[in-house]
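Close look at the chain arrangement
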Amino acid sequence: MISKRENALIALRGEKPEYVPCFYDSCQIIPASASLETPPMFQGPGYDGYGVHQTPTESAGGMFTPTPTEPPVLEDVTEWKSVVHFPDYHSLPWEQIVQGEREALHLDKEHFVQDLFCPNGIFERLHFLMGFENALCAIMEEPEAVYDLVGAIADKKIEFMMLADQYYQPDYFTYLDDYSHAAGLFMSPDTFREIFKPHIARIVEACKKTGMIYKQHCCGKMESLLDDFLDIGITTFDPVQPINDIPSMKKKTLGRAGIMGGLDVQNVVDRAGVTDEEIELEVKRCIDTYGEGGGYMIYGASLHMYNPAQYAPGGKLFAVNQACEKYGHIY
């Protein structure tokens, strides 16, 4: 039998593994504090590398969001060149940062897929700088200025990516950028294609020059962007929530891209009072509905992913792993 790591890598390539893998059991997240996209993880409020004040948010499982009482960094997008502060990645003590994270997170590339998370993609960084409503208005009113600004942000993503590959040497570069909500996109597909897609394509192309595989994170109902993402060469997707028509998506991705997701964390796994039996039934549903042909890994962006207690007996993610072990091999 092949290792959990290799089995997971096969599924994430869109191919057929020996059994349905589970992210929580076969992968390790590298939060990559060197990205400077947030203040240091598991600490209090602070400033990120762009000068945005962020605060851990309870409803987001302790993840950082812009502090609502602080004014936006950028109010007029046409003035971004004189206002926006960009992080200087080359000045960081990379070896010290990476060594500290390897020890603290017990990173083990021999046995686990190494998944480096880079939050706040070019759209998310835009609204972190401006506020969500102001960012959407800027997209409509000043598309050329927005295009230039997100292009500059993409340049910094590429700069970070090259250094991350050198020092972290992960398997995946997971680029987090949510373009959708529960019912559809935050913008029209044409707006996405005109302003954001060209810069994401540059990031994907740059990633191909490293030792990492590019993975696109996009929450919400994102299936209408799947063709665009495949068009620019993206080969892995997460968290692909069950509000998407995942079986139809797999008809396009099987053999060319892996889907990581399907698990209903909002209504099942993360729900207060959920039982192990309910979690088991949800895992079985995922395997029965999405597992055929391979190219699929069970995953959900659970609020408990960074809580070690949830991976121990009695924890919700422990229950997910146990159910996947039970049904993944049978399937």
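Report on the accompanying structure. (Residues numbered from 1 in each chain as written. Predicted model: local features only at pLDDT ≥ 70, side-chain atom pairs only at ≥ 80, totals over all residues. Heavy atoms only, no water.)

**Description of the environment of Glu278**
Stated formally: Only runs of H or I of at least four residues qualify as helices and only runs of E of at least two qualify as strands under DSSP, and these elements are numbered from the N terminus. Whether two residues are in contact is decided by their heavy atoms: any pair within 4.5 Å suffices.
Checked against the element boundaries, Glu278 lands in helix α12 (residues 276–290). Between the alpha carbons of Glu278 and Phe160 there is a distance of 41 Å; along the sequence they are 118 residues apart. Look past the residues within four positions of Glu278 in its chain and what remains in contact with it is Val268, Arg271 and Gly273.

**Points about the sheet that holds strand β3 (residues 53–57)**
Keep this limit in mind: Any two strands are treated as partners once DSSP identifies two or more bridges connecting them.
Strand order in the open sheet made by the three strands is β2-β3-β4, with antiparallel pairing throughout. The sheet is open, and its two borders are formed by β2 (46–47) and β4 (63–66), each paired with just one other strand. One ladder, built from four bridges, connects β3 with β4; its direction is antiparallel. Considered in β4, the bridge of Thr55 is made with Thr65.

**Some details on the packing of aromatic side chains**
Geometrically, a pair of aromatic rings is defined through the distance of the ring centres and the angle of the planes. For clarity, the threshold we go by: Aromatic pairing here means that ring centres of Phe, Tyr or Trp (its six-membered ring) are within 6.5 Å. Orientation follows from the plane angle: under 30 degrees is stacked, over 60 is edge-to-face, and everything else is tilted. Remark: exposure states derive from per-residue accessible area (1.4 Å probe, protein chains only) relative to the maximum for the residue type, with buried under 20%, exposed over 50%, and partly exposed in between.
Enumeration according to the criterion identifies 22 aromatic pairs in this entry. Seen in terms of ring centroids, Trp80 and Phe86 are 6.3 Å apart; in terms of plane orientation they differ by 80 degrees. Their pairing is edge-to-face. When its relative accessible area of 10% is taken as the criterion, Trp80 is described as buried. On the basis of relative accessibility, which here comes to 23%, the residue Phe86 falls in the partly exposed class. A centroid spacing of 5.5 Å and a plane angle of 65 degrees characterise the contact between Tyr179 and Phe196, whose relative ring orientation is edge-to-face. In this pair, Tyr179 is assigned in the loop between β6 (172–176) and α8 (189–207) and Phe196 in helix α8, connecting sequence segments 17 residues apart. On the basis of relative accessible area, Tyr179 is assigned to the buried category, the value being 1%.

**Comments concerning the pattern of salt bridges**
Once their charged atoms are close, side chains differing in charge can pair, the charge on each being opposite to the other. Selection criterion: Here, a salt bridge means any Lys or Arg side-chain nitrogen found within 4 Å of an Asp or Glu carboxyl oxygen.
Taken as a whole and judged by the stated rule, the model has 21 salt bridges. Close ionic contact of Glu37 with Arg125 constitutes a salt bridge, the shortest N to O distance being 2.5 Å. Highlighted residues: Glu37 in the loop between β1 (27–30) and β2 and Arg125 in helix α5 (residues 122–130), separated in sequence by 88 residues. Taking relative accessible area as the criterion, Glu37 reaches 1% and is therefore assigned buried. Here Asp228 ties to Arg193 by a salt bridge, and the two come within 2.9 Å at their closest N and O atoms. Taken together, the residues Asp228 in helix α9 (residues 226–231) and Arg193 in helix α8 connect sequence positions 35 residues apart. Owing to a relative accessible area of 6%, Asp228 belongs among the buried residues under this scheme.

**Some points on unusual backbone geometry**
Note: most peptide bonds trans; most residues except glycine with negative phi. A cis amide bond, omega -5 degrees, links Asp238 with the succeeding residue Pro239. One non-glycine residue, His106, lies in positive phi territory at about 55 degrees. Relative to the assigned elements, His106 resides in the loop between α4 (94–105) and β5 (113–118). Take His106: its relative accessible area is 61%, and that puts it in the exposed class.

**Regarding helix α6 (residues 132–141)**
The α-helix advances 3.6 residues per turn, and as a result positions three or four apart in sequence lie on the same side. Defined as follows: An arc is given here, and it is the one of the directions from the helix axis to the C-beta atoms.
Three or more residues of α6 are buried, namely Ala135, Ala138 and Ile139. Buried residues of α6 fall within an arc of 100 degrees about the axis and therefore sit on the same side. Exposed residues pointing more than 90 degrees away from the buried face of α6 are listed as Glu133, Met140 and Glu141. Those residues of α6 hidden inside the fold are in contact with α5, α7 (143–167) and α8.

**Remarks on the packing of α4 against α7**
Keep this limit in mind: As a rule, the C-alpha atoms of each element are fitted with a line to give its axis, helices using only the stretch in contact, and angles between N-to-C directions run from 0 to 180 degrees. In what follows, roughly perpendicular refers to angles from 65 to 115 degrees, roughly parallel to angles under 35, roughly antiparallel to angles over 145, and oblique to any angle outside these ranges. By convention the crossing between two helices is left-handed if the near helix lies anticlockwise of the far one by an angle smaller than a right angle, and right-handed if it lies clockwise. Gly falls in the polar group here, along with every residue not listed as nonpolar (Ala, Val, Leu, Ile, Met, Phe, Trp, Tyr, Cys, Pro) or charged (Asp, Glu, Lys, Arg).
Between α4 and α7, the least distance of the axes is 10 Å, while the angle of their chain directions is 60 degrees. With respect to α7, the element α4 is oriented oblique. In the packing of α4 onto α7, the handedness of the crossing is right-handed. Across from Trp94, Glu95, Val98 and Arg102 in α4, the residues of α7 making contact are Phe160, Leu163, Ala164 and Tyr167. Partitioning the contact of α4 with α7 into residue classes produces six nonpolar, no polar and two charged.

**Regarding the nonpolar core**
Note the cut-off: We define the nonpolar core as a collection of buried residues of types Ala, Val, Leu, Ile, Met, Phe, Trp, Tyr and Cys that are connected through side-chain atoms lying within 4.5 Å of one another.
Ranked by internal contacts, the top residues of the largest apolar core, which has 102 residues, are Phe196 and Ile298. Here this core takes twelve residues from α7, the largest share from any one element. Ignoring any residue separated from it by four or fewer positions in sequence, one finds Phe196 in contact with Ile122, Phe123, Leu126, Ile139, Val150, Tyr179, Met187 and Thr191.

**Description of the packing of α5 against α8**
It is at 10 Å that the axes of α5 and α8 come closest, and there the two elements cross at 120 degrees. Put simply, α5 runs oblique to α8. Where α5 approaches α8, its residues Ile122, Phe123 and Leu126 are matched on the opposing element by Phe196, His199, Ile200 and Ile203. Looking at the contact of α5 with α8 residue by residue, the class counts come to six nonpolar, one polar and no charged.

**Comments concerning a negative patch on the surface**
Note the cut-off: Exposure above 30% relative accessible area and no salt bridge define the residues that can form patches, which grow by joining like charges within 9 Å and nonpolar side chains of Val, Leu, Ile, Met, Phe, Trp and Tyr within 5 Å. Using a 1.4 Å probe, accessible areas were evaluated by the Shrake-Rupley method; residue-level cover was limited to the displayed protein chains. For the charge count, each Lys or Arg is scored as positive and each Asp or Glu as negative, with His and the chain ends excluded. Note on charges: their place is set at NZ of Lys, CZ of Arg, CG of Asp or CD of Glu.
A cluster of acidic residues, Glu75, Asp76, Glu79, Glu141, Glu142, Glu144 and Asp148, forms a negative patch at the surface. Residue placement: Glu142 occurs in the loop between α6 and α7. Relative accessible area serves as the criterion here: at 35%, Glu142 is assigned to the partly exposed category.

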